[in-house]
2 protein chains.
Amino acid sequence: SPAIAQQQGSLPELLNLQRDDGQWVMPAKDYSATRYSSLDQINILNVDQLKVAWTFSTGVLRGHEGAPLVVGSTMYLITPFPNIVYALNLTQPGPAVKWKFVPDTDPRSIGVACCDVVNRGLTYADGKVFFNTLDAHTYALNANTGEVVWQVKQGDVARGETITMAPLVVKDKVITGISGGEFGIRGFLTANDIHTGEQVWRAYTTGPDSEVLIGDDFKPFYDSLKGKDLGVTTWPEDQWKIGGSATWTWLSYDPELDLLYHGVGNPGTWNPDLRPGDNKWSMTIFARDPDTGSARWAYQKTPHDQWDYDGVNENILVTLTINGKPRKVLVNFDRNGFAYTIDRATGEVLVAQPYVYVNWASGVDLETGVPARNADKSTKQGVNTTNICPAAMGGKDQQPAAFSPRTGLFYVPTNNLCMDYEGTEVAYVAGVPYVGATVKMYAGPGGNRGEFVAWDGARGRKVWGIKENFSVWSGVLATGGNVVFYGTMDGWFKAVNAVTGEVLWTFKVGSGIIGAPMTFLGPDGKQYVAVYSGIGGWSGLTVAGDLSLEDPTAALGAVNAFSDLGRYTNKGGMLYVFSL
Amino acid sequence: SPAIAQQQGSLPELLNLQRDDGQWVMPAKDYSATRYSSLDQINILNVDQLKVAWTFSTGVLRGHEGAPLVVGSTMYLITPFPNIVYALNLTQPGPAVKWKFVPDTDPRSIGVACCDVVNRGLTYADGKVFFNTLDAHTYALNANTGEVVWQVKQGDVARGETITMAPLVVKDKVITGISGGEFGIRGFLTANDIHTGEQVWRAYTTGPDSEVLIGDDFKPFYDSLKGKDLGVTTWPEDQWKIGGSATWTWLSYDPELDLLYHGVGNPGTWNPDLRPGDNKWSMTIFARDPDTGSARWAYQKTPHDQWDYDGVNENILVTLTINGKPRKVLVNFDRNGFAYTIDRATGEVLVAQPYVYVNWASGVDLETGVPARNADKSTKQGVNTTNICPAAMGGKDQQPAAFSPRTGLFYVPTNNLCMDYEGTEVAYVAGVPYVGATVKMYAGPGGNRGEFVAWDGARGRKVWGIKENFSVWSGVLATGGNVVFYGTMDGWFKAVNAVTGEVLWTFKVGSGIIGAPMTFLGPDGKQYVAVYSGIGGWSGLTVAGDLSLEDPTAALGAVNAFSDLGRYTNKGGMLYVFSL
Ligand SMILES: O=C(O)c1cc(C(=O)O)c2c(n1)C(=O)C(=O)c1cc(C(=O)O)[nH]c1-2
Ligand SMILES: O=C(O)c1cc(C(=O)O)c2c(n1)C(=O)C(=O)c1cc(C(=O)O)[nH]c1-2
């Protein structure tokens with residue numbers, strides 16, 4: 001009936017589009033965030049013949065995260081600040097710029113972006129492209145013409161609110177998060193009407209249940225997550241109002257369960273002594289009703305964070321056979337070093353195993369959902385706790401993993417970093433960093449700062465790994481050709497056999513890769529693989545931000561870990577498109 | 001004898017190196033400035049298989065002119081302002097940065113560079129690389145370590161003096177010019193000792209003979225060039241002191257005749273009514289003794305310039321058969337639209353024919369050397385003279401041509417632009433633009449703004465041409481494989497059959513090409529072709545400088561001619577290296 005069609009909004013269109021592997025219409029390819037495409041023209045037998053088909057300079061240096069979209073025969077790109085959007089006509093050789101949109105992004109946002117002025121991409125629906133700008137606005141543009149359909153202000157840069165994440169459209173709503181966990185913001189997730197931009201709901205991540213949108217149908221699996229207004233009572237008085245808990249990365253959605261999944265970041269400040277308690281709902285995975293924003297379940301991975309194990313990483317929705325039974329799960333590679341396989345209908349943790357070297361906790365109790373901490377890796381004000389693994393950048397940061405249904409494996413770009421961490425006194429001032437810790441990061445055991453890992457999410461174990469000198473800060477693409485693609489911070493783009501982990505092909509791009517590779521069919525019927533080159537992000541700030549290397553704890557501890565990066569790569573801003 | 005060896009300085013080494021086509025050790029490949037390499041692994045039969053071998057982001061946006069060097073297994077690159085120098089180790093896959101040098105270039109130079117903050121390259125000799133910085137310094141670095149051997153200040157940015165040109169080493173001297181013709185500087189050419197940086201000579205381009213280094217052995221071919229202190233007497237009183245006449249492009253050298261060739265730019269101001277007279281030695285080709293700087297002959301192409309036909313274009317030294325006799329000539333494709341074939345021992349003009357559409361003069365009188373002007377294309381103060389061809393950017397600007405001894409042809413990247421020009425009142429203020437004209441440029445007959453032309457220098461006629469939408473602002477490479485390479489402002493890199501002009505291969509790079517392609521053998525014995533991508537220069541300023549398009553006469557008239565460029569290309573800064 002027309003009434004139902006209306007309610008479903010763009011859902012039928014987007015379900016159709018995401019099944020078409022010739023296109024790539026949302027940030028992670030599909031609602032499940034698998035970053036898997038069945039395309040197999042490029043496969044393990046011929047990928048060594050891959051070559052550059054064309055390149056496109058975005059005209060902006062600084063970190064290039066995320067992936068372009070391909071809708072029909074048009075490619076859409078967005079740059080780091082000032083967030084220029086390009087539509088490229090793929091039917092013309094070159095290809096040619098169809099339109100270009102330069103938003104009037106407030107430059108004050110540069111100073112309050114914690115971790116480089118990145119942007120993780122656009123999303124498409126209903127003839128429009130949607131994206132966020134660093135100064136915390138959401139835009140809808142006419143996908144054909146580049147004209148602004150609407151724009152809304154989601155936050156205030158003067159209070160340290162920015163946006164770097166890519167939105168997701170569910171039915172007739174576009175969902176966006178907020179950044180600013182290091183500025184004492186109060187996190188939230190917002191749904192706006194895709195046609196008008198009107199705000200439909202906003203769910204805060206701290207505060208009373210009424211504002212977190214926790215109501216009668218909230219059924220968390222574990223007891224520690226039950227109770228009234230935990231978003232207030234697990235904080236010292238009023239601290240939840242400046243408690244960070246941002247929502248700055250990837251979203252996923254299960255159309256059958258009709259549940260939207262998102263993570264919540266670290267509590268503010270980084271000095272844990274200033275906020276005794278579990279600090280809910282920081283570090284939490286939420287399942288929400290996309291129509292109303294109501295929370296259905298939640299799971300807090302790191303109660304009372306002491307390490308900036310910012311819990312926002314992507315939730316990949318797959319079916320895995322666990323103890324002989326197919327289970328609809330969500331797999332999350334958390335910053336805290338554990339990979340969680342969770343029943344995505346209920347929030348029950350089925351598997352939780354370290355996917356990188358971890359020493360802050362000996363494991364996660366599956367009965368209670370609570371990690372078993374090692375007391376000597378707790379951090380405190382005035383004490384320098386040393387050799388904590390993983391470091392604040394986590395076992396994995398923004399860089400999204402992929403899942404291949406062909407191999408049943410997850411492909412995870414990881415960090416191997418440890419740190420020294422000391423809480424420091426800090427007072428909240430609006431729009432000023434509210435960090436409260438001195439951190440120094442460095443390579444973990446073995447000296448390699450990263451590893452590209454194939455992970456068995458049912459058994460919770462590593463299948464193989466490829467060690468890398470630098471953290472693997474790029475996303476991953478898995479394909480039907482049994483090839484997985486990732487890039488390195490020093491600019492090597494790599495194609496790997498999805499089964500064996502054998503490196504089949506490498507290509508040196510101009511600047512380090514922190515973007516996410518994607519694939520599509522051109523109007524000529526050929527398969528292409530595209531990836532941004534452009535070093536930056538938190539780990540790449542030494543180069544992207546021309547940082548002085550004198551203070552090893554600068555850039556929230558990133559300088560020490562990546563002081564040599566400038567010897568390996570330069571600033572850049574380029575899209576590379578490859579074909580056979 | 002050791003005495004002679006000493007005097008010859010680096011000459012034997014550089015003659016050897018320039019004969020080795022595996023390397024590329026000076027800006028134009030050889031002293032003759034042919035930009036020809038005999039390498040033929042890549043040839044007309046297989047060039048359609050060319051693909052990107054690797055890329056390198058320079059970390060700087062803005063116009064990338066010139067070419068990298070390859071000395072042994074090291075590649076040297078220099079960026080636009082701030083003029084970062086990289087040494088890349090070609091024996092490592094990637095290749096890896098061996099060292100990086102960031103000069104402390106005075107940012108005030110940005111504001112006094114007339115035509116983007118470009119740099120046209122380095123040159124090598126005696127274990128050192130030499131280059132100039134935009135703030136008018138010359139550097140010698142240890143080629144192995146990147147350490148500064150010496151640096152000298154050649155000019156003063158506060159007076160509008162900058163340097164964009166690539167130096168040339170002759171024996172034990174490094175020769176550099178100066179920019180600032182639009183700022184009322186007084187042009188000069190300087191020789192510094194390659195070991196110490198000490199200034200050996202400086203030849204001014206205006207003023208008394210003693211300072212122009214005109215002495216007893218000065219033997220110009222034409223009578224109009226003879227007389228005492230013409231650099232003073234052909235100007236209104238004192239105007240020669242602010243007479244521009246810069247020396248901002250390419251140098252060449254004939255080791256047999258032991259003569260150094262260089263051009264001299266436009267007289268200042270652009271308002272011709274403020275400087276009646278021939279304005280010597282603006283618009284002049286000089287042949288000089290490289291040891292002393294003494295002028296041996298000179299030829300003024302455009303006496304009393306009225307159009308900014310800045311006479312600095314490169315002089316290519318070849319032997320051509322003219323009227324049945326082999327002649328040692330110099331071929332110069334001047335901004336004024338005429339291609340001059342000149343006896344390089346004497347300065348006699350043998351051939352002078354238009355290589356683009358020209359209407360300001362009907363020809364050049366070979367008896368007197370003087371052009372026959374069309375009175376109605378003269379420009380004046382207070383009168384807007386319309387439809388003058390070529391425009392101020394000339395038939396060709398900085399973009400250097402190539403010569404192939406295999407075909408006997410020159411390959412010339414040209415502009416097809418015309419203009420309206422009106423002289424305006426202007427007073428000299430040090431360090432402030434001293435232009436005195438309002439100029440509007442636009443496409444010439446046919447509407448294509450450029451053409452890639454094959455030219456017969458003996459007969460003075462075009463053999464074939466490839467029309468381009470934009471001016472061809474890139475340099476050219478000619479090879480033994482009978483392939484010539486050039487790039488377009490909208491980013492197409494092209495390989496052309498040197499005989500027929502057939503386009504054999506094209507590749508779209510990320511940003512427009514205004515650099516000069518070069519070729520070398522890698523340590524693996526394979527032939528590579530390299531070119532910078534990075535739009536800019538005078539013609540590319542609309543994009544490189546984010547110019548407002550409102551005033552068509554802005555950027556000295558460039559805005560009108562290239563207002564659509566931003567729809568075709570973006571800012572960039574990347575080296576592309578291609579191989580089979
Ligand atoms: O708490 C926040 O609001 C917030 C925002 C961002 C961001 O917006 O990029 C990052 C982080 N935190 C963060 O903790 C982090 O490690 C990080 C890395 C990056 C990056 O793009 O490389 N961004 C961010
Ligand atoms: O008179 C001078 O000093 C001077 C300097 C330069 C320069 O240094 O780049 C250019 C010019 N003139 C000039 O006339 C001109 O057309 C030009 C083009 C370019 C370029 O790089 O695209 N530079 C210059």
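Colleague: Tell me about the sheet that holds strand S10 (residues 148-153) of chain A, residues and numbers included.
Modeller: All names here are of chain A. Within the open sheet, the 4 strands sit side by side as S7-S8-S9-S10. Their pairing is antiparallel. The two strands at the open ends of the sheet, each matched to only one other strand, are strand S7 (123-125) and S10. Sheet twist, expressed as the mean angle between neighbouring strand axes with direction ignored, is 20 degrees.

Colleague: Requested: an account of the pattern of salt bridges, with residues and values cited.
Modeller: For side chains bearing opposite charge, pairing can occur when the charged atoms are close. Residue and element names in this part refer to chain A. Tallied over the entire structure, the rule returns 62 salt bridges over all chains. Where Arg186 meets Glu211, a salt bridge forms, and the shortest distance between an N and an O atom there is 2.6 Å. You can see Arg186 sitting in the loop between strand S12 (173-176) and strand S13 (188-193) and its partner Glu211 sitting in helix H4 (residues 209-212), a full 25 residues away along the chain. Since its relative accessible area comes to 16%, Arg186 is described here as buried. Note that Asp456 is salt-bridged to Arg459, the shortest N-O span being 2.7 Å. What emerges from the salt-bridge pattern is a single network uniting Lys171, Asp172, Lys173, Asp258 and Asp291.

Colleague: So what's going on with the interface of chain A and chain B? Residues and values would help.
Modeller: Taken together, the 29 residues of chain A in the interface contact 29 residues of chain B. For the pairing of chain A and chain B, the buried interface totals around 2,100 Å² over both sides, and the portion due to carbon and sulfur atoms is 55%. Contact with chain B buries surface across chain A, with Ser57, Lys508 and Asn570 of chain A losing the most and accounting together for 22% of the total. Linking chain A with chain B are 0 salt bridges, by the criterion used here. For the side of chain A that touches chain B, the secondary-structure elements that each account for two or more residues are strand S2 (51-57), strand S6 (96-101), strand S35 (503-508) and strand S38 (574-579) of chain A. Considering every element that reaches the side of chain A that touches chain B, the biggest residue donor is S2 of chain A, with 7 residues.

Colleague: Could you give me a rundown of the site of ligand 1, with the residues and numbers involved?
Modeller: All names here are of chain A. Not every one of the 20 residues close to ligand 1 is listed here, only the nearest: Glu65, Ser179, Gly180, Gly181 and Asp397. In the environment of ligand 1, an oxygen atom lies 3.1 Å from a nitrogen or oxygen atom belonging to the side chain of Asp310. Here an oxygen atom of ligand 1 and a side-chain polar atom of Arg335 are 2.9 Å apart. Here ligand 1, which alone exposes 460 Å², has 99% of that area covered by the protein.

The rules behind these values
Residues numbered from 1 in each chain as written. Chains lettered and ligands numbered in written order. Predicted model: local features only at pLDDT ≥ 70, side-chain atom pairs only at ≥ 80, totals over all residues. Heavy atoms only, no water. Pairing = 2+ DSSP bridges. Helix = DSSP H or I, 4+ residues; strand = E, 2+ residues; numbered from the N terminus. Axes fitted to C-alpha atoms, helices over the stretch in contact; angles between N-to-C directions. Salt bridge = Lys/Arg side-chain N within 4 Å of Asp/Glu carboxyl O. Buried < 20%, exposed > 50% of the residue type's maximum accessible area, 1.4 Å probe, protein only. Contact = heavy atoms within 4.5 Å. Buried area = accessible area lost by both parts, 1.4 Å probe. Near = heavy atom within 4 Å. Polar contact = N/O pair within 3.5 Å; in protein donor to acceptor, adjacent residues only side chain to side chain. Areas by Shrake-Rupley, 256 points an atom, 1.4 Å probe, with all protein chains shown as cover.

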